[in-house]
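Here's the letter readout for the chains.
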Amino acid sequence: MADPTIDYDDVQGTILRGYRVNLARHFIFSITDAAQARRTIAALLDGSDGLPAITTARHIHPKPPCFLNLSFTAPGLSTLGITAADLATFDQAFQRGAVDPASVAAVGDVGDSAPEHWLGNLGPATTAGQVHAMLSLWVSESEEVLQATSAKLRGAFAAGWHELYAHDGVALPGNRVHFGYRDNIAQPDVDGAPPRKHERAYDPDPLNSVKTGEFLLGYPNENGGTYQVQPPQLSTNGSYAAFRILEQDVPLFDSILSQGAASSGLSTEMVAAKMCGRWRNGNPLVLAPDEPGPVLPNASLNRFHYVDAQPERDDTLGLKCPVGAHIRRNNPRDEGVVGTSARHHRIVRRAMPYGSEYDPVTPIAEQRGLVGYFINANLRNQFEFLMQQWNDDATFVKSAVGPAGPEAGNATLNISGQDVFLGINDPSVSSFTLPGVGAKGSGNTKLQHFSRSVITRGGVYCFFPSITGLRYLANLS
């Protein structure tokens, strides 16, 4: 089937495009005057009053100095004039919001990650105001452009809006996260989306190809249906996102690796690779099981699978890439899992680091981590499902044996605990299985009693309207 035709000029850019920038600033607003807020939206659509225009998915050449996108929470849409009846057609998780107890339970925002500990005014509604909108500014490389554009935006949002919080992102050298891994590798190939840089010089991997409707409303999804909302002006080319601020405790993670190396006899780098499913240079363990090796071409970094009739290529048992590794939990590919396939639960991640790079020689105590969006067309079936069913539960893997038969082991016995990076990981019960050859898990090694090294510091469930949708909101009365 041919890819659907998407009007890139009607889609907000961050949904389908990665901007590849060095700086970002995410503004969180409460609307204090709906009429004035609508005028501001209109100015951003037209790029008038000296403001940058909302960025679309259309490729821009030469690359502009900055990119801008705007999204709203359910209370924000209501404040702008969307009726309760129309709002009831939106995704259920979006309606309840990120601080709702059901959302908190689904994604594991408990303990130190609970909303009452979040930064700014992102937790439970306070006298400062309710979260209504998010405005995200990405800047290619100039700090001067970031500050000058921020000043223009703050001036435009001074009337009718109240700034609750702002959080910056700063890219690390080598496109890495604070834990040292190369980032922005495992994005899905969205049917009909504009090709990413250096891509499409090869046949797309069918295991990584996902229908448009998993990320844009109004198009067929993997179930054969279409996600739609009311009114019709908001029902095509929009998408949902979970905005997240995730603090990374680098010294704690380093200690987890050291303890894992001591108890397993592996090197710390091998333990780091086993927990992630990739070496820190980005090479997947399935393709480079013994050592990192030279960095593979971009076209190869996602072109692999776990189940194969050829013994030398099969990894059903996770002997190369552990069944509980981060990348395998979040995209099981052709592995047998309970329920539907991996393509039904993919997300697009648009995130970058924040905070200074950690130096173990002269460590500076400060908050550092990842900030950005997890984008999908159904928060409950994609973002929350991934967090609750695959990252926080080890029972989603179906019983399966490799070509060597049951005496070599079974996939269901080769995974334990929660995702090392996104799980709750209470040290009294946390564990990570390093699979080995042996019936009934007899060859496995378990790493245990490690703490949570990634803490949630903020969250918002938001909706990115299409350009048509934004213009509709701007013209509401």
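Cut-offs and rules
Residues numbered from 1 in each chain as written. Predicted model: local features only at pLDDT ≥ 70, side-chain atom pairs only at ≥ 80, totals over all residues. Heavy atoms only, no water. 1 Å grid on protein atoms, 1.4 Å probe; cavity = no way out; pocket = protein on both sides within 12 Å on 5 of 7 lines; lining within 4 Å. Points joined across faces, edges and corners; volume = space filled by probe spheres on them. Helix = DSSP H or I, 4+ residues; strand = E, 2+ residues; numbered from the N terminus. Salt bridge = Lys/Arg side-chain N within 4 Å of Asp/Glu carboxyl O. Buried < 20%, exposed > 50% of the residue type's maximum accessible area, 1.4 Å probe, protein only. Expected span 1.5 Å × (residues − 1). Arc of directions from axis to C-beta. Contact = heavy atoms within 4.5 Å. Polar contact = N/O pair within 3.5 Å; in protein donor to acceptor, adjacent residues only side chain to side chain. Phe/Tyr/Trp six-rings, centres within 6.5 Å; stacked < 30°, edge-to-face > 60°. Lys NZ or Arg CZ within 6 Å of the ring centre and 35° of its normal. Nonpolar A, V, L, I, M, F, W, Y, C, P; charged D, E, K, R; others polar. Core = buried A, V, L, I, M, F, W, Y, C linked by side-chain atoms within 4.5 Å. Lys, Arg positive; Asp, Glu negative; His and termini not counted.

- In the annotation of an unreviewed UniProt entry, the protein is listed under the name Dyp-type peroxidase family and assigned to Janthinobacterium lividum.

1. As for the layout of surface pockets
Logical step 1: Of the pockets and cavities examined, the second largest pocket occupies roughly 260 Å³.
Logical step 2: Put simply, the parts of the chain that give the lining of the second largest pocket at least two residues each are helix 3 (74-80), helix 5 (92-96) and strand 12 (454-464).

2. Things to note about the pattern of salt bridges
Logical step 1: Applying the stated criterion across every chain, the model contains 15 salt bridges.
Logical step 2: A salt bridge links R176 to E357; the nearest nitrogen and oxygen atoms lie 2.7 Å apart. Here the residue R176 occupies a position in the loop between strand 4 (161-170) and strand 5 (189-190), and E357 occupies one in the loop between strand 8 (348-354) and strand 9 (369-376), the gap between them amounting to 181 residues.
Logical step 3: By relative accessible area, which is 40% here, E357 ends up partly exposed.
Logical step 4: With a closest N to O distance of 2.7 Å, E269 and R280 form a salt bridge. In this pair, E269 sits in helix 9 (residues 268-276) while R280 sits in the loop between helix 9 and helix 10 (326-330), placing the two residues 11 residues apart along the sequence.
Logical step 5: Take E269: its relative accessible area is 35%, and that puts it in the partly exposed class.
Logical step 6: Connected through shared salt-bridge partners, R96, R380 and E384 make up one network.

3. Examining helix 8 (residues 250-264)
Logical step 1: Between its first and last C-alpha atoms helix 8 spans 21 Å; for 15 residues at 1.5 Å apiece the expected length is 21 Å, and the two agree.
Logical step 2: All of the buried residues along helix 8 are V250, F253, I256, L257, G260 and A261. Projected down its long axis, helix 8 carries its buried residues within an arc of 130°, all on one side.
Logical step 3: Where helix 8 is buried, its residues meet strand 7 (239-248), helix 9 and strand 11 (445-448).
Logical step 4: Where helix 8 begins, the side chain of D249 points an oxygen toward the backbone nitrogen of L252, at a separation of 3.1 Å.
Logical step 5: Positioned one or two residues after helix 8, G265 has a phi angle of 80°, which is positive.

4. With respect to the packing of aromatic side chains
Logical step 1: In total, this model carries 25 aromatic pairs according to the counting rule given.
Logical step 2: An angle of 10° between the planes, with centres 4.2 Å apart, marks the rings of Y19 and F67 as stacked. Of this pair, Y19 sits in the loop between helix 1 (13-16) and strand 1 (23-31) while F67 sits in strand 2 (residues 66-72), placing them 48 residues apart in sequence.
Logical step 3: For Y19, a relative accessible area of 6% translates into the label buried.
Logical step 4: F67 gets classed as buried once you look at its relative accessible area, which sits at 1%.
Logical step 5: An aromatic cluster is built from Y19, F67, W138, F243, Y373 and F464, whose rings are joined through pairwise contacts.
Logical step 6: The positively charged end of R280 is found above the aromatic ring belonging to Y181, 5.6 Å away from the centroid.

5. Brief notes about empty space enclosed by the protein
Logical step 1: As enumerated under the stated definition, the model contains three cavities of 30 Å³ or more in all.
Logical step 2: At the level of elements, strand 7, helix 10, strand 9 and helix 11 (380-391) are the ones that each hand at least two residues to the lining of the largest cavity.
Logical step 3: Considering only residue class, the lining of the largest cavity consists of 21 nonpolar, eight polar and six charged.

6. Some remarks on the nonpolar core
Logical step 1: Ranked by internal contacts, the top residues of the largest apolar core, which has 135 residues, are L16, F72 and F94.
Logical step 2: Discounting residues that sit within four places of it in the chain, F94 has contacts with F72, T73, A74, L77, L87, Y240, L379, Y461, C462 and F463.

7. Description of the environment of G47
Logical step 1: As for its placement among the helices and strands, G47 is situated in the loop between helix 2 (34-46) and strand 2.
Logical step 2: Here the alpha-carbon distance between G47 and P124, two residues 77 residues apart in the chain, equals 34 Å.
Logical step 3: The residues touching G47, leaving out its near neighbours within four places in the chain, are P52 and A53.

8. Notes on the side chain of D419
Logical step 1: Structurally, D419 can be placed in the loop between helix 11 and strand 10 (431-434).
Logical step 2: Buried and without a salt bridge, D419 has R329 as its closest oppositely charged side chain, separated by 4.5 Å.
Logical step 3: Within polar-contact distance, the side chain of D419 engages the side chain of H326 at 3.1 Å.
Logical step 4: Ignoring sequence-local partners within four residues, the contact set of D419 consists of G324, A325, H326, R329, N330, N391 and N425.

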